Amino acid sequence: MPEATLALIFGTSFVVGLSGAMSPGPMLTLDIREAARHGFWAGPLIVLGHGILEFALVVALALGLSQFLDQGTLVAVISVLGGLFLVWLGVQMVRRPGALSLAPASQDGGSKGGGRNLVLAGALVSLANPYWSLWWATIGLGYLVWSLKSGMAGLASFFGGHILADLAWFGVVALAVAGGRRLMSDAVYRGISVACGAFLLLLGLYFIGTGTGLVR
């Protein structure tokens, strides 16, 4: 892949991370439910647990990938796989925004503890989510290969943009739920989702193009 500027890595990582965070799943459900119970700070605490897990994963993957970056075929395969998954995710977000809602989930069951339990819940719900593993095995690996072309600064830009997207989205959702959803309506949520989906389609095509040599 061509070397990218740190700002480009950070910016695209933020949008891709935001798109993943917005997709319905266990972590979004946990965020909505716990914000309805505990208020705004449930969101950042859940993201803290999620971020600790992802930081460890990024370090481990980067250490393993660094020795293979000069193998063009492997880098190309990773890029194409990541691009295909981005395109698939983008199509899903553009085609099916109608089911998205910020309505609080049932408040039966689940964690009733304080901050420490919410941090742990954020890590465990990520680890137990098969989509999370698939994301990192495809899109995450592709982004790591791309960002490592700019060294540790590129890696830091990638992770910074990614985790900031999680913090921004789950924080806004927690604030909206805790405040009676006055901050964001379902229509706004769906509009942002469609815009992010379109961006993922374009970025996925770019990843596929760089992996196949069609884009230099």
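In the block above lies the structure referred to throughout.
In this report, the structure presented in the accompanying data block is examined.

What follows covers the overall build of the protein. Secondary structure assignment for the protein yields eight helices and zero strands. Ordered by position in the sequence, the α and β elements of the protein form the string α-α-α-α-α-α-α-α. Buried residues in the protein amount to 49% of all 216 residues. Carbon together with sulfur atoms contributes 70% to the accessible area of the protein, which is approximately 9800 Å² in total.

For any pair of aromatic rings, geometry is given as the distance between the ring centres together with the angle between the planes. Evaluated as defined, the whole model comprises eight aromatic pairs. Ring centres of Phe55 and Phe159 lie 5.7 Å apart, and the angle between their planes is 65 degrees; on these two criteria the pair is classed as edge-to-face. A residue pair is termed long-range when its members are at least 10 positions apart, and Phe55 in helix H3 (residues 42-65) and Phe159 in helix H7 (residues 151-178) qualify at 104 residues. A centroid spacing of 5.5 Å and a plane angle of 15 degrees characterise the contact between Tyr143 and Phe158, whose relative ring orientation is stacked. Taken as a pair, Tyr143 in helix H6 (residues 130-148) and Phe158 in helix H7 lie far apart in primary sequence, 15 residues in all. Phe158 matches Tyr143 in its accessibility class, with the two residues each being buried. Ring pairing ties together the aromatic residues Trp135, Trp136, Tyr143, Trp146, Phe158 and Tyr206, which thus form one cluster.

Residues Val16, Tyr143, Phe158 and Trp169 are the most contacted members of the largest nonpolar core, which totals 50 residues. Residues in contact with Tyr143, not counting those within four places in the same chain, are Ile9, Thr12, Ser13, Val16, Phe158, Leu203 and Phe207.

Now for the packing of H6 against H7. Helix-helix packing is characterised by the crossing angle of the two axes and by the distance between the axes. Look at H6 against H7: their axes get within 7 Å of each other, and the N-to-C directions meet at 140 degrees. Relative to H7, H6 is oriented oblique. Considering how the two elements wind past one another, H6 and H7 form a crossing that is right-handed. Where H6 abuts H7, its residues Trp135, Trp136, Tyr143, Leu144, Ser147 and Leu148 lie against Gly151, Gly154, Leu155, Phe158 and His162. A breakdown of the residues in the contact of H6 with H7 according to their chemical character gives seven nonpolar, four polar and no charged.

Moving on, we get to the side chain of Thr138. Structurally, Thr138 can be placed in helix H6. The class of Thr138 is buried, set by a relative accessible area of 10%. Sequence-distant contacts of Thr138, defined by excluding residues within four places in its chain, comprise Ile78, Leu81, Gly82 and Phe85.

On the surface, a cluster of nonpolar side chains totalling about 230 Å² of accessible area is made up of Phe10, Leu164 and Leu167. Tracing the chain through its elements places Leu164 in helix H7. With relative accessibility at 37%, the residue Leu164 sits in the partly exposed group.

Its location among the elements puts Ser147 in helix H6. Under the relative-accessibility criterion, Ser147 is labelled buried at 0%. Along the sequence, Ser147 and Ile9 sit 138 residues apart, while their C-alpha atoms lie 6.6 Å from each other. When residues no more than four places from it in sequence are discounted, the contact partners of Ser147 are Ile9, Gly154, Leu155 and Phe158.

This next bit is on H6. Helix length check: H6, at 19 residues, gives a terminal C-alpha distance of 25 Å against a target of 27 Å (1.5 Å per residue), a fit within 8%. Considering bend angle alone, the principal kink of H6 is centred on Trp136 and spans about 40 degrees. Taken across its 19 residues, H6 has 14 buried, putting it largely inside the fold.

Mapped onto the elements, Ser126 comes out in helix H5 (residues 115-127). Taking relative accessible area as the criterion, Ser126 reaches 3% and is therefore assigned buried. For Ser126, the side chain forms a polar contact with the side chain of His50, separated by 2.6 Å. Beyond its immediate sequence surroundings of up to four residues, Ser126 is in contact with Met27, His50, Leu53 and Trp132.

Quick notes on the rules
- Residues numbered from 1 in each chain as written.
- Predicted model: local features only at pLDDT ≥ 70, side-chain atom pairs only at ≥ 80, totals over all residues.
- Heavy atoms only, no water.
- Helix = DSSP H or I, 4+ residues; strand = E, 2+ residues; numbered from the N terminus.
- Buried < 20%, exposed > 50% of the residue type's maximum accessible area, 1.4 Å probe, protein only.
- Areas by Shrake-Rupley, 256 points an atom, 1.4 Å probe, with all protein chains shown as cover.
- Phe/Tyr/Trp six-rings, centres within 6.5 Å; stacked < 30°, edge-to-face > 60°.
- Core = buried A, V, L, I, M, F, W, Y, C linked by side-chain atoms within 4.5 Å.
- Contact = heavy atoms within 4.5 Å.
- Axes fitted to C-alpha atoms, helices over the stretch in contact; angles between N-to-C directions.
- Parallel < 35°, antiparallel > 145°, perpendicular 65-115°, else oblique.
- Left-handed = near helix turned anticlockwise from the far one by under 90°.
- Nonpolar A, V, L, I, M, F, W, Y, C, P; charged D, E, K, R; others polar.
- Patch = residues over 30% accessible without salt bridge, like charges linked within 9 Å, V, L, I, M, F, W, Y side chains within 5 Å.
- Salt bridge = Lys/Arg side-chain N within 4 Å of Asp/Glu carboxyl O.
- Expected span 1.5 Å × (residues − 1).
- Bend = angle between axes of the 7 residues up to and from the residue.
- Polar contact = N/O pair within 3.5 Å; in protein donor to acceptor, adjacent residues only side chain to side chain.

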